[in-house]
Structures are given as structure tokens and as C-alpha cells.
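Fold and geometry: a report
What follows is the residue order along each chain.
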Amino acid sequence: MQPLIDNARTFGQRPEEFARLAEGQSPQVLFITCSDSRVVPALITGARPGQLFELRTAGNIVPPHTSRHPTSEAATIEYAVEVLGVRDIVVCGHSHCGAVGALVRGDDLTAVPAVRDWLAHATPRPAGQAEDPEVAKGVQAHVLTQLLRLRSYPCVERKLAEGQLGLHAWYYEVHTGAVRAHRPQTDTFESL
């Protein structure tokens, strides 16, 4: 914890670098990714403060849209699309994902009921090989499922129909730093 505290102390000693951020934000991208501490969107993309609007959830899950009981994820997506006017949404999964790995393996999650119930939103169960520590195929299939789920959000559906929004599926390898993007023409994840 101490290195984090030390950095936070010096971070605030450069107010001139951050003064313009007080005027508001206008990110062009909503970046949806996992809560995993090894996935750092600004590090992966090189984004500076104000350039990415982030949504981090366990397993980068986009829950089903419902107007009856809105979720914080739905509110974040709606705000990004309707208020901030993001032009692109990236759903970024990653290798060695504990959440997707648990789904692929069919782990017993009764000891962590909140996790179990949250992961139920990931349906269908991602395919993949249980013995693969990277769970690459499972994560990639899962990312595509979440991208499809995004299309069911009214604000996303409308902006897509108007040609004002792009959706992107990425796969980040934590062990190499490589990023692969889904290419619909070939249905493969290829290096950026």
C-alpha cells in the first residue's frame, strides 16, 4: 500500500496538468473490461485522463438490459452513449480470466453466492478447454456474447442504426501484452 500512497502524494503536486479536466469530459470510447487488476485500460491504450470512459465488471459482463431494475452497468452504458456521445465501445476480455475460467470449468461457486449469481449473466456458458490456463477460446467467445448483449440496449441499438456508434471486441493477453481484435469477416481475433 505504501508505494500507492507515495505516488498519490506526488500525483496531486502537478495541478497545472489537470486543470482542464475540471471543465468536463468528452471521451470518445467506452471501454468495458474486467475488474482484474492486471488489466489497465489506460496502459493498454495509452489513453490520458479524460480519453476513456471505463466500465469494469467481474468478467467484463454486460448484464441483460432491463428497465424494471436498472443496473449500474446499464446506467454507465446509457450515460456514455446518450450524454457523453461516445463514438465507440470496446469490450475487452483477457487471458487468465478467473471469472471466465470458472465458467468454462464449471466451478462450484456456492461459497461465493454473489459471484455465482453475477456470473449467471454471462450465459451461455463459454466454450473452451478446462485445462487451458489462458482460457483464450472461452474468453473470446464470452466477449462476443457481451458485444451481442450490448446491441439489446435501446440507446446502443439506436446509435448503431444511425451509424453513430462502433462496437469492438478485443482480447488482451496479460502474459504478453498483445491485444487482438475480432475481425467479423473471418470470425477470428487478430493482432491490432
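Everything below is about the structure printed above this text.
A few points about the nonpolar core
Ranked by size, the top nonpolar core spans 39 residues in total, and within it Leu30, Ile32, Ile77, Val86, Ile89, Leu150 and Val156 carry the most contacts. Aside from chain neighbours lying at most four places away, what touches leucine 150 is Ile32, Val62, Ile77, Ile89, Val91, Val156 and Leu167. Ranked by size, the runner-up nonpolar core spans 11 residues in total, among them Val39, Ala47, Val90 and Trp170.

Overview of the packing of helix H4 (residues 72–83) against helix H8 (residues 154–161)
In a pair of packed helices, the angle between the axes and the distance between the axes together describe the arrangement. Two elements in contact, H4 and H8, have axes whose closest approach is 9 Å; the angle formed by their N-to-C orientations is 35°. Where H4 crosses over H8, the handedness of that crossing is left-handed. Contacts between H4 and H8 pair Ile77, Glu78, Val81 and Glu82 from the former with Cys155, Val156, Arg158 and Lys159 from the latter. Each residue belonging to the contact of H4 with H8 can be placed in one class, and the counts come to 4 nonpolar, no polar and 4 charged.

So, the environment of arginine 151
As for its placement among the helices and strands, arginine 151 is situated in the loop between helix H7 (136–150) and H8. The sequence separation of arginine 151 and glutamine 140 amounts to 11 residues, and the corresponding C-alpha distance is 17 Å. The residues touching arginine 151, leaving out its near neighbours within four places in the chain, are Val156, Glu157, Leu160 and Leu167.

Regarding the sheet that holds strand E1 (residues 29–34)
Strand pairing in a sheet relies on backbone hydrogen bonds, with the paired strands running either antiparallel or parallel. A sheet is described by the order of its strands in space; here 6 strands give the open sequence E2-E1-E3-E4-E5-E6, paired in mixed fashion. Each edge of the sheet is formed by a strand with only one pairing partner; in this case those strands are strand E2 (52–57) and strand E6 (188–191). Taken over all neighbouring pairs, the strand axes of this sheet differ in orientation by 30° on average, direction set aside. Both strand E3 (residues 88–94) and strand E4 (residues 166–172) contribute to a ladder of 7 bridges, which runs parallel. Across the sheet, residue glycine 93 finds its bridge partner in E4, namely tyrosine 171. Against the sheet, H7 contacts E1, E3, E4, strand E5 (179–183) and E6, and its axis sits at roughly 160° relative to E4.

So, the packing of aromatic side chains
This structure, assessed with the given rule, holds 2 aromatic pairs. Measuring from ring centre to ring centre gives 5.8 Å for phenylalanine 31 and tryptophan 170, while their planes differ by 80°; the resulting arrangement is edge-to-face. Of this pair, phenylalanine 31 sits in strand E1 while tryptophan 170 sits in strand E4, and the two are 139 residues apart along the sequence. Judged by its relative accessible area of 1%, phenylalanine 31 falls in the buried class. Taking the centre distance of 5.9 Å and the plane angle of 35° together, the rings of phenylalanine 53 and tyrosine 79 count as tilted.

A closer look at the pattern of salt bridges
Within this structure, the stated rule accounts for 5 salt bridges. Residue aspartate 36 pairs with arginine 38 through a salt bridge whose shortest N-O separation is 2.7 Å. Of the charged contacts in the structure, one is a salt bridge between arginine 158 and glutamate 82, with a shortest N-O distance of 2.0 Å. Here arginine 158 is found in helix H8, whereas its partner glutamate 82 is found in helix H4, with 76 residues between them in sequence. Take arginine 158: its relative accessible area is 37%, and that puts it in the partly exposed class. For glutamate 82, a relative accessible area of 36% corresponds to the partly exposed category.

Overview of unusual backbone geometry
Positive phi is not limited to glycine here, since asparagine 60 has a value of about 40°. Among the secondary structure elements, asparagine 60 is positioned in the loop between E2 and H4. Although it is not a glycine, histidine 96 adopts a positive phi angle of roughly 60°. With respect to the helices and strands, histidine 96 occurs in the loop between E3 and helix H5 (98–105). What makes histidine 96 partly exposed here is its relative accessible area of 26%.

Cut-off values and rules
- Sequence order sets the numbering: in each chain, residues are counted from 1 along the sequence as written.
- This being a predicted model, a pLDDT of at least 70 is required before a residue's local features are given, and a value of 80 or more before pairs of side-chain atoms are given or counted; all residues contribute to the totals for chains, interfaces and linings.
- Values reported for side chains reflect all heavy atoms of the structure, with hydrogen atoms and water molecules removed beforehand.
- What is meant by a nonpolar core is a set of buried Ala, Val, Leu, Ile, Met, Phe, Trp, Tyr and Cys residues, joined one to another through side-chain atoms within 4.5 Å.
- Three exposure classes are used, based on accessible area relative to the maximum for each residue type with a 1.4 Å probe and protein chains only: buried under 20%, partly exposed in between, and exposed over 50%.
- Residue contacts are counted whenever heavy atoms from the two residues lie within 4.5 Å of one another.
- A fitted line through C-alpha atoms serves as each axis, taken over the contacting stretch for helices, and the angle formed by two N-to-C directions is quoted from 0 to 180°.
- Numbering of helices and strands starts at the N terminus; helices are DSSP runs of H or I of at least 4 residues and strands are runs of E of at least 2.
- Left-handed describes a crossing whose near helix is turned anticlockwise from the far helix through less than a right angle; right-handed describes the clockwise counterpart.
- Charged means Asp, Glu, Lys or Arg here, nonpolar means Ala, Val, Leu, Ile, Met, Phe, Trp, Tyr, Cys or Pro, and polar covers whatever is left, Gly included.
- We call two strands paired when DSSP finds no fewer than two bridges between them.
- Two rings belonging to Phe, Tyr or Trp (six-membered ring only in the last case) form a pair when the distance between their centres is within 6.5 Å. Interplanar angles under 30 degrees mark stacking, angles over 60 mark edge-to-face geometry, and anything in between is tilted.
- What counts as a salt bridge is simple: a side-chain nitrogen of Lys or Arg found within 4 Å of a carboxyl oxygen of Asp or Glu.

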